[in-house]
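# Understanding the architecture of this molecule
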Protein chains: 2
Amino acid sequence: MMQDKHYLMIPGPTPVPPAVTAAMSMPIIGHRTDAFAKIHERIVEKLKLVFQTKNDIFVLTNTGTGALETAIANTVSPGDKVLSLITGNFGERFANIAKAYNAEVIEVNFGYGNDVDLAVVEKKLAEHPDVKVVLATQNETSTGVCNDIEGIGALVAETPALLLVDGVSGVGAIEIKVDQWGVDMLCTASQKAFMLPPGLAMVSVSDKAWEVSKNNKSPRFYFSLPAFKKVYDKWNTAYTPAVSLFYGLEASLDMMLAEGLDNVYARHALLAKATRAGVRALGLKLLAEDRCASNALTGVWGPEGIGADDLRKIIKNEYGVTFAGGQGAVKGKGFRIAHMGFCDRMDVIIAISALEMALAKAGYEFQLGAGVKAAQEVLLGR
Amino acid sequence: MMQDKHYLMIPGPTPVPPAVTAAMSMPIIGHRTDAFAKIHERIVEKLKLVFQTKNDIFVLTNTGTGALETAIANTVSPGDKVLSLITGNFGERFANIAKAYNAEVIEVNFGYGNDVDLAVVEKKLAEHPDVKVVLATQNETSTGVCNDIEGIGALVAETPALLLVDGVSGVGAIEIKVDQWGVDMLCTASQKAFMLPPGLAMVSVSDKAWEVSKNNKSPRFYFSLPAFKKVYDKWNTAYTPAVSLFYGLEASLDMMLAEGLDNVYARHALLAKATRAGVRALGLKLLAEDRCASNALTGVWGPEGIGADDLRKIIKNEYGVTFAGGQGAVKGKGFRIAHMGFCDRMDVIIAISALEMALAKAGYEFQLGAGVKAAQEVLLGR
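Each value, and the rule that gives it
Residues numbered from 1 in each chain as written. Chains lettered and ligands numbered in written order. Predicted model: local features only at pLDDT ≥ 70, side-chain atom pairs only at ≥ 80, totals over all residues. Heavy atoms only, no water. Helix = DSSP H or I, 4+ residues; strand = E, 2+ residues; numbered from the N terminus. Contact = heavy atoms within 4.5 Å. Pairing = 2+ DSSP bridges. Axes fitted to C-alpha atoms, helices over the stretch in contact; angles between N-to-C directions. Least-squares fit on C-alpha atoms with pLDDT ≥ 70 in both. UniProt positions renumbered as here; feature names shortened; annotations may be inferred. Parallel < 35°, antiparallel > 145°, perpendicular 65-115°, else oblique. Left-handed = near helix turned anticlockwise from the far one by under 90°. Nonpolar A, V, L, I, M, F, W, Y, C, P; charged D, E, K, R; others polar. Buried < 20%, exposed > 50% of the residue type's maximum accessible area, 1.4 Å probe, protein only. Domains from an automatic or database assignment. Salt bridge = Lys/Arg side-chain N within 4 Å of Asp/Glu carboxyl O. Polar contact = N/O pair within 3.5 Å; in protein donor to acceptor, adjacent residues only side chain to side chain. Buried area = accessible area lost by both parts, 1.4 Å probe. Phe/Tyr/Trp six-rings, centres within 6.5 Å; stacked < 30°, edge-to-face > 60°. Lys NZ or Arg CZ within 6 Å of the ring centre and 35° of its normal.

All right, on to the environment of Ile314 of chain A then. All names here are of chain A. Turning to its location among the elements, Ile314 is positioned in helix H12 (residues 308-319). It is 8.8 Å that separates the C-alpha atoms of Ile314 and Leu359, two residues lying 45 residues apart in sequence. In this view, Ile314 contacts Tyr319, Ala358, Lys361 and Ala362; residues no more than four positions away in its chain are not counted.

Structure, rendered in structure tokens:
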């Protein structure tokens, strides 16, 4: 393996495009300046197109977990009843944050590789009419499952509860309609489909969430949205923002808007379809059913008798390609191929070819070339 | 196609590794300083390992053509007899430079796709015992043919002539032994296997070439090696050097030496073999015979009935992969896939898969996936 010749295919951080790196290398400016305020304003206007919302969007200097804690800290008071819809590790984390804030959390776990069952949600909401907050995951990073936020939103809309959505690995790769689908807070971060290094979180806040936030009893300072709101209208930030990441975010948003958001989502859908076809053609099993498979990453069960982590080592050491390991129930037994953000058709070919050659080296029996051929057929629209 | 997602596979300029880009972004320093002298000295010591020489090596701020002209301007006087061994466009260019310096040039053209025939060289040298300079190309960029410099060197060594070698697209990808093979001047440049942007030329000078250079009658100022030699021993340069490219050159030499030069050459040989196998499996014809095929790039005849340049357009626009067009006799009828410099196994997969998918789109009849499979087999050592 050649030094520096790497293909990072983990579900965040993801590769950063040269134009974004170049933007981030511009000189730092002070954040209490008109120049910064203008960048901030432009970023939020562009983010609103991605979120499909008229709500305020806060660009916060923390990460995905910080975004989730921001949502909880501002809407959950001690003793509040929270319904947590769990489809993997990150659903569990969202619930754990609510528990850390002393909520009474009703956890509904749909199991690894499954998505949220709307009938169960409807039943749980009926059983617990006093639920204050519902937690859902748009795209479950640990399994590669995409949940039906539109469907969940429609059910929550019939109750007084707020809907908080973890869109950390989904937003920018998979369409979400914050206003139309009734998402009260959408949380995402810079290092996934937004093609930036880690360090920024983005959170939208509906009017309904604002009302709750104002009187929320949980302690908060760095995560306080009312503190941010005080300066937001002047495009200032409460504390020091990660200035260079703001430059990068504007560059990546410009790339996404230049491509066209519909094209961005269609590209992710195509890459996911090709990846799944390639994996299947090698005789490997997918973690998620087609019905709920993520367009941002693909979870794969390792082959029988070959350690999934050993396979990943060959893929990385021999071909410079990095897949993510399995998480939770899949730990050591599977791997995840990300195809989100700065990712196009040849990345699928690289992923499947590296997987094929590693499988061949590991002694797995299959038809060499079958995976790439199947992926090519999808990419050719056959 | 996604903005910024490109795979540059032309025989120069070639992709620049991140470590080299990072080195080049360091602040510029003055060139008449101890700091610059130290960088200059270290670079030349490392270049001597690549050239396999104890000769002086001049790092000049110009390009490959500038390197060739430096060699001619310092060794060819008006009316001198020059034997020019031509295997393609760049062999022709070397001859044209000698003509521009009013040499009497004996051109021997071996034809596109062929290498130098040593028997012909032996005969020509016998016919013209007054030849002062022999011009040869290590790696002919226009066709992907590699010439036998060792064999040519052995023949020239039996005459009083100097051997000047164009190693612009070869050095760093294909082994060359300057001292052992009797190369009086080896010319190369930064933007090929050295993984740098264009802007630097490197020229080694034997004692025999120095003797000729001192009294050479051609006009020269910027290209004057004696002018450079005056300051070379203090690791100074005659004129302003491209400082940031010097930083980059040290970083790329460090990468090459860390990998090990034998490994660098073996990697290029493997990539060439896999590329050729992939192309053949698609039923396309190669420009060069295996015997003299370049390890730095592969020339390919386009398929019957499909324009080679149209095919390249699909490959670029749909898959972000750039091949070079045909040159000279192959213009419009073929293309060239470079696999030199910052290039590893997945690059071959990308090249062959993009070629396959473009062929499929262009209506060429073949077994989809066959090319990638054949390349994979070579990469797996089967």
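What follows is about the sheet that holds strand E13 (residues 334-338) of chain A. All names here are of chain A. Across the sheet, which stays open at both edges, the four strands sit in the order E1-E12-E13-E11 with mixed pairing between neighbours. The sheet is open, and its two edges are formed by strand E1 (7-9) and strand E11 (297-301), each paired on a single side. Taking each pair of neighbouring strands and ignoring which way they run, the sheet shows an average axis angle of 30°. Across three bridges, the pairing between E1 and strand E12 (residues 321-325) is parallel. Each residue of the ladder has a partner; that of Tyr7, found in E12, is Val321. Its contacts with the sheet place H12 against E1, E12 and E13, and it is angled at close to 160° to E12.

Moving on, we get to the relation of the copies chain A and chain B. With an RMSD of 0.0 Å, chain A superimposes on chain B once it is rotated by 180° and translated 0.0 Å along the axis. Taken together, the turn and the small shift mark the pair as related by a two-fold rotation axis. By C-alpha distance to the rotation axis, the residue of chain A lying nearest is Gly369 of chain A, at 3.1 Å. Interface overlap between copies: 100% of the residues of chain A at the interface are likewise at the interface in chain B, consistent with a symmetric, same-surface contact.

Listed under "domain: Aminotransferase class V" (unreviewed entry) in the UniProt record, and renumbered for this structure, are residues 7-327 of chain A. Across residues 7-327 of chain A, helical content stands at 43% and strand content at 17%; the span's end C-alpha atoms are separated by 21 Å.

The next point concerns the packing of helix H3 (residues 64-75) of chain B against helix H4 (residues 89-100) of chain B. Residues and elements named next belong to chain B. Contact pair H3 / H4: the axes reach a minimum separation of 10 Å and the direction vectors enclose 45°. Judged by the angle between their axes, H3 and H4 are oblique. At the point where H3 passes H4, the crossing takes the right-handed sense. Note on element contacts: H4 touches H3 through Arg93, Phe94, Ile97 and Ala98, opposite Thr65, Leu68, Glu69 and Ile72. Class assignment of the residues belonging to the contact of H3 with H4 gives a composition of five nonpolar, one polar and two charged.

Turning next to the pairing of strand E9 (residues 185-189) of chain B. Residue and element names in this part refer to chain B. Most of E9 sits inside the fold, with five of its five residues counted as buried. Residues Met185, Cys187 and Ala189 line one face of E9 and the alternating positions Leu186 and Thr188 line the opposite face, and both faces are buried. Looking at chain direction, strand E8 (residues 162-166) and E9 are connected through three bridges and run parallel. Bridged to Leu164 within E9 is Met185. Here five bridges tie E9 to strand E10 (residues 201-205), and the two strands are oriented antiparallel to one another. Bridge pairing in E10 links Met185 to Val205.

As a further point, take the domain arrangement of chain A. Many authors give the size of an interface as the accessible area that is lost as the parts come together. All names here are of chain A. According to the domain assignment, chain A consists of domain 1 (7-13 + 260-379) and domain 2 (18-258). Averaged C-alpha coordinates put domain 1 and domain 2 at centres separated by 28 Å. Between domain 1 and domain 2, the contact holds 27 residues from the first and 30 residues from the second. Between the two partners, domain 1 and domain 2, sit one salt bridge. Measuring nitrogen to oxygen at the nearest pair gives 2.8 Å for the salt bridge that ties Asp115 to Arg291. Connecting domain 1 to domain 2 are nine residue pairs in polar contact (both at pLDDT 80 or more). Breaking the side of domain 1 that touches domain 2 down by element, the ones donating at least two residues are helix H11 (261-281) and E11.

Taken together, the contact pairs 42 residues of chain A with 42 residues of chain B. In total, chain A and chain B occlude about 3500 Å² of area from one another, counting both sides; carbon and sulfur atoms represent 61% of this. Area buried by chain A at its contact with chain B is led by Met2, Met346 and Leu368 of chain A, which between them contribute 20% of it. On inspection of chain A and its partner chain B, the count reaches four salt bridges. Put simply, Asp347 of chain A and Lys5 of chain B hold a salt bridge, and the shortest N to O gap is 3.2 Å. At the boundary of chain A with chain B, the tally comes to 14 residue pairs in polar contact (both at pLDDT 80 or more). Where the side of chain A that touches chain B is concerned, the elements lending two or more residues are helix H1 (18-24), helix H10 (243-259), H12, helix H13 (345-361) and helix H14 (370-379) of chain A. Sorting elements by how many residues they give to the side of chain A that touches chain B places H13 of chain A first, with 11 residues. Here the residues of the side of chain A that touches chain B are counted per class, giving 23 nonpolar, six polar and 13 charged.

Looking now at the pattern of salt bridges. Taken as a whole and judged by the stated rule, the model has 42 salt bridges over all chains. Of the charged contacts, one joins Arg280 of chain B and Asp290 of chain B as a salt bridge, the two residues approaching to 2.9 Å between their closest N and O atoms. Taken together, the residues Arg280 of chain B in helix H11 (residues 261-281) and Asp290 of chain B in the loop between H11 and strand E11 (297-301) connect sequence positions 10 residues apart. Using a relative accessible area of 43% as the deciding quantity, one classes Arg280 of chain B as partly exposed. Among the ionic contacts, a cluster of salt bridges with common partners joins Arg42, Lys46, Glu250 and Asp254 of chain A.

With that settled, the discussion passes to the pairing of E13 of chain A. Residue and element names in this part refer to chain A. Summarising burial for E13: five of the five residues are buried, a large majority. The alternating pattern of E13 places Gly334, Arg336 and Ala338 on one face and Phe335 and Ile337 on the opposite face, and all of these are buried. Relative to E13, E11 is paired through five bridges, and the arrangement is antiparallel. By the bridge assignment, Val300 is partnered in E13 with Phe335. Looking at chain direction, E12 and E13 are connected through two bridges and run antiparallel. Bridge pairing in E13 links Ala324 to Arg336.

Another aspect to go through is the packing of aromatic side chains. Within this structure, the stated rule accounts for 22 aromatic pairs over all chains. For the ring pair Phe221 of chain A and Tyr239 of chain A, a centre distance of 5.8 Å and an interplane angle of 20° mean the geometry is stacked. Placement of Phe221 of chain A in the loop between helix H8 (207-214) and helix H9 (225-232) and of Tyr239 of chain A in the loop between H9 and H10 is noted, with a sequence separation of 18 residues between them. Seen in terms of ring centroids, Tyr222 of chain A and Phe223 of chain A are 5.9 Å apart; in terms of plane orientation they differ by 65°. Their pairing is edge-to-face. A relative accessible area of 36% means that Tyr222 of chain A is categorised as partly exposed. The class for Phe223 of chain A is buried, based on a relative accessible area of 18%. Site record: aromatic cluster; members linked through ring pairs are Phe58, Trp210, Phe221, Tyr222, Phe223, Phe228, Tyr232, Trp235 and Tyr239 of chain A. A cation over a ring is seen here: Lys5 of chain B above Phe342 of chain A, with NZ or CZ 4.2 Å from the ring centre.

Moving on, we get to the UniProt feature "modified residue: N6-(pyridoxal phosphate)lysine" (unreviewed entry) in chain A. Residues and elements named next belong to chain A. The feature "modified residue: N6-(pyridoxal phosphate)lysine" (unreviewed entry), as annotated in UniProt, sits at Lys192 in this numbering. Of note, Lys192 is situated in the loop between strand E9 (185-189) and strand E10 (201-205). Lys192 gets classed as buried once you look at its relative accessible area, which sits at 8%. In this structure Lys192 touches Pro11, Gly12, Thr14, Thr141, Val168, Ser169, Met340 and Gly341, once residues within four positions along its chain are discounted. From its side chain, Lys192 meets the backbone oxygen of Pro11 in a polar contact 2.7 Å long.

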